[in-house]
Amino acid sequence: MNKILASFVLATMTTSAFAQSNTNSPYSQFGLGDLTDQSVGFNKGMNGVGVAMRRGNEVNPMNPASYSAVDSLTMLFDAGLSGQITNFKENGKKMNGKSGGFDYVVGQFRAFKGVGVTFGVLPYSNIGYNYSQSEYLNDANITKMTTTNKGDGGIHQLFIGTGIRLFKPLSIGANLSYFWGDYNRTITSSSSASNVSALQMLYTTDISSYKLDLGMQLELPLSKQDNITLGATWTPGHSLKADANCSVINSNSTISKADTTAYKLADALSIPTSFGFGLAYNHGQQFRMGADFTMQKWGSVDYPSFDSQAKTYTLKSGLLKDSYRFNLGAEWTPRPMGRKFLQRVRYRAGVGMATPYYYINGKEGPKELSASIGFGIPIMNGYNGRSYLNISGQVVNRSADNMIKETMFRLNIGLTFNERWFAKWKVE
């Protein structure tokens, strides 16, 4: 038990220390930022498929019902990081950006027969962007007007969960998360003319709340080696009890004076009710494939908005929309118990599509198409042949008419430690 507690504390401290924005997309300025899924190393190689996935040697936070499959005498740790290069294209102009950071830490062990316990830290959203636009006024001085947009922050989940096998085919589970984070978004309008005031809009919030995820999995055997698993998840939406702040700062460098007007909206941010449905086919330890469909009801969530005409900061409906995601992925291991190294490698691939959860100036944001390939590489040493190095690459394309097109090339690296912690040794 001391090892388990120490591991939980280490996971929390490590992820808190390295947590940072893992995006540089201008689209992260909308809503709560770029949303992430609950996937870890093995899911990412299959493009995030996981609602119906369950194995005793993997941690799968995408559905807490999967925890009940954990092997006896097993302590699992999974930690990962990611990095990406993004190509931006707009009106024939191209730019590149880089981002990356520590991603997640999770651990899992069996508490009782048919009962698994999991803990760790996962990202919920990332915010990170910095760009500017300039235009020239048709006046005598050809005044240059520049608007700069900056933002950083994100939301994280420190969670503990359990999965329980009610009877042989049916398992249920739940994750309870401490849900925390913040964002800082700034819009600055300035002029090359010294007699023109600069205007700055500063949006901030600090979130400290909770999140609950519920899951179910039903295993249906087809033969001795084959089975189908049905999975479902539900996350109830609720208010985050977080205040949204807006400051309007009007400054003039000529007279060294700044006027600030502050607005505050109490209880302004919420997360939506979400559903997930999954289907997976398994052929022993050699082959598996799955499909996921998830939906988030953002359309019923109001979001803070500043009205520059009326000079008011209020909650407004119609800024967010329901979002949908579909993923399809598979994994193949030629010979799980084979003697040759390449026979034991897990080969993974997946594809997916997603719709946005926000509107931009009244138009639907960019849709997303993605594909991934990955490998689960067994780590062999003198005492352990059950741990894996998970490496995957993903390509994500986001585009919409008359908007910035993004193409992301993402590399994910995760390490799954599989240790026997609870065995009792006997000496004759």
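A word on unusual backbone geometry
Even without being glycine, N91 reaches a positive phi, approximately 50°. Assignment of secondary structure puts N91 in the loop between strand 2 (74-90) and strand 3 (93-112). The class for N91 is exposed, based on a relative accessible area of 75%.

Side note on the environment of M403
If you trace the backbone, M403 turns up in the loop between strand 22 (387-399) and strand 23 (405-420). With a relative accessible area of 13%, M403 lands in the buried category. When the C-alpha atoms of M403 and K89 are compared, they prove to be 8.8 Å apart, with 314 residues separating the residues in sequence. Discounting chain neighbours no more than four positions away, the residues touching M403 are Y27, K89, I360, K363, E364 and G365.

Things to note about the pairing of strand 17 (residues 323-332)
As judged from the 10 bridges shared by strand 14 (residues 287-296) and strand 17, these two strands associate in the antiparallel manner. By the bridge assignment, A291 is partnered in strand 17 with L328. Alignment of strand 17 against strand 18 (residues 346-354), held across eight bridges, turns out to be antiparallel. Paired with F326 across the two strands is M353, which belongs to strand 18.

Some words on the pattern of salt bridges
Going through the model one piece at a time under the given rule, you end up with 17 salt bridges. Salt-bridge contacts for K297 lead to D322; the nearest nitrogen and oxygen are separated by 3.2 Å. One end of the pair, K297, is in the loop between strand 14 and strand 15 (303-307); the other, D322, is in the loop between strand 16 (312-316) and strand 17, with 25 residues separating them in the sequence. Relative accessible area serves as the criterion here: at 18%, D322 is assigned to the buried category. Between E368 and R325 there is a salt bridge, and its shortest N-O distance comes to 3.2 Å. With a gap of 43 residues between them, E368 in strand 21 (residues 367-379) and R325 in strand 17 connect regions that are remote in the sequence. Here E368 falls in the buried class, since its relative accessible area comes to 14%. A relative accessible area of 28% places R325 in the partly exposed class. Through salt bridges that share partners, R55, E58, R288, E331, R346 and R348 make up one connected network.

Side note on the side chain of D292
When you line up the elements, D292 lands in strand 14. Buried within the structure, D292 lacks any salt-bridge partner; R325 is the closest side chain of opposite charge, at an N-O distance of 9.2 Å. Within polar-contact distance, the side chain of D292 engages the backbone nitrogen of G50 at 2.7 Å. A polar side-chain atom of D292 sits 3.1 Å from the main-chain amide nitrogen of V51. With residues near it in sequence (within four places) discarded, D292 still touches G48, V49, G50, V51, A52, M62, F277, G278, R325, F326 and N327.

Let's talk about the environment of G374
Its place among the elements puts G374 in strand 21. Judged by its relative accessible area of 2%, G374 falls in the buried class. Taking the C-alpha atoms as reference points, G374 and A349, separated by 25 residues in sequence, lie 6.1 Å from one another. If sequence neighbours within four positions are ignored, G374 has contacts with G45, R346, Y347, R348, I391 and S392.

With respect to the layout of surface pockets
Estimates place the volume of the second largest pocket at around 870 Å³. What lines the second largest pocket is a set of 32 residues, among which R55, G56, N57, G284 and Q285 lie closest to the centre. Looking at the lining of the second largest pocket, the elements that each hand over two or more residues are strand 7 (198-221) and strand 8 (226-235). For the lining of the second largest pocket, the residue count by class is nine nonpolar, 12 polar and 11 charged.

Structural notes on the packing of aromatic side chains
In total, this model carries 12 aromatic pairs according to the counting rule given. Between the aromatic rings of F293 and Y324, the centroid separation amounts to 6.1 Å while the plane-to-plane angle is 20°, which identifies the pairing as stacked. With F293 in strand 14 and Y324 in strand 17, this residue pair connects regions lying 31 residues apart in the sequence. Judged by its relative accessible area of 34%, F293 is partly exposed. Ring centres 4.7 Å apart and planes at 40° place the aromatic pair W298 and Y357 in the tilted group. One end of the pair, W298, is in the loop between strand 14 and strand 15; the other, Y357, is in the loop between strand 18 and strand 19 (359-360), and 59 residues separate them in sequence. Y357 carries the same exposure label as W298, and that label is buried.

Overview of the nonpolar core
Counting residues in each nonpolar core, the largest one holds 33 residues, and the members touching the most others are L32 and L269. Elements supplying a minimum of two residues to this core: strand 4 (115-136), strand 6 (170-191), strand 7, strand 10 (244-252) and strand 15. Aside from chain neighbours lying at most four places away, what touches L32 is Y124, S125, I127, I155, R185, L269, S270, I271, W298 and Y357. In terms of nonpolar packing, the next biggest core, distinct from the first, is built from 15 residues, A52, V59, L76 and L122 among them.

Criteria and cut-off values
In this numbering scheme, every chain counts its residues from 1 along its sequence in written order. Selection of residues for local features in this predicted model requires a pLDDT of at least 70, selection of side-chain atom pairs for listing and counting requires 80 or more, and totals for whole chains, interfaces and linings are taken over all residues. Neither water nor hydrogens contribute to the side-chain values; these are computed over all heavy atoms in the structure. What counts as a helix is a DSSP run of H or I of at least four residues, what counts as a strand is a run of E of at least two, and both are numbered from the N terminus. For every residue, the accessible area (1.4 Å probe, protein chains only) is compared with the maximum for its type, and the residue is labelled buried under 20%, exposed over 50%, or partly exposed between those bounds. Any two residues whose heavy atoms approach within 4.5 Å are treated as being in contact. By the convention used here, strands pair only if DSSP detects at least 2 bridges between them. Salt bridges, as used here, are contacts in which a Lys or Arg side-chain nitrogen is within 4 Å of a carboxyl oxygen on Asp or Glu. Under this rule, positive means Lys or Arg and negative means Asp or Glu; His and the chain ends count for nothing. N or O atoms within 3.5 Å of each other form a polar contact, as long as, within protein, one can give a hydrogen and the other can take it, and as long as residues adjacent in sequence are counted only when both atoms are side-chain atoms. Note on definitions: the grid is 1 Å and covers protein atoms alone; a cavity is a set of points where a 1.4 Å probe fits but cannot get out; a pocket is an open set with protein on both sides within 12 Å along at least five of seven lines; lining residues have an atom within 4 Å of a point. Grid points are joined across faces, edges and corners, and a volume is the space filled by probe spheres set on the points. Gly is placed with the polar residues, together with every amino acid not listed as nonpolar (Ala, Val, Leu, Ile, Met, Phe, Trp, Tyr, Cys and Pro) or charged (Asp, Glu, Lys and Arg). Centres within 6.5 Å make a pair out of two Phe, Tyr or Trp rings, where for Trp the six-membered ring is used; the pair is then stacked when the planes are under 30 degrees apart, edge-to-face when over 60, and tilted otherwise. For our purposes a nonpolar core is just a set of buried Ala, Val, Leu, Ile, Met, Phe, Trp, Tyr and Cys residues, chained together by side-chain atoms within 4.5 Å.

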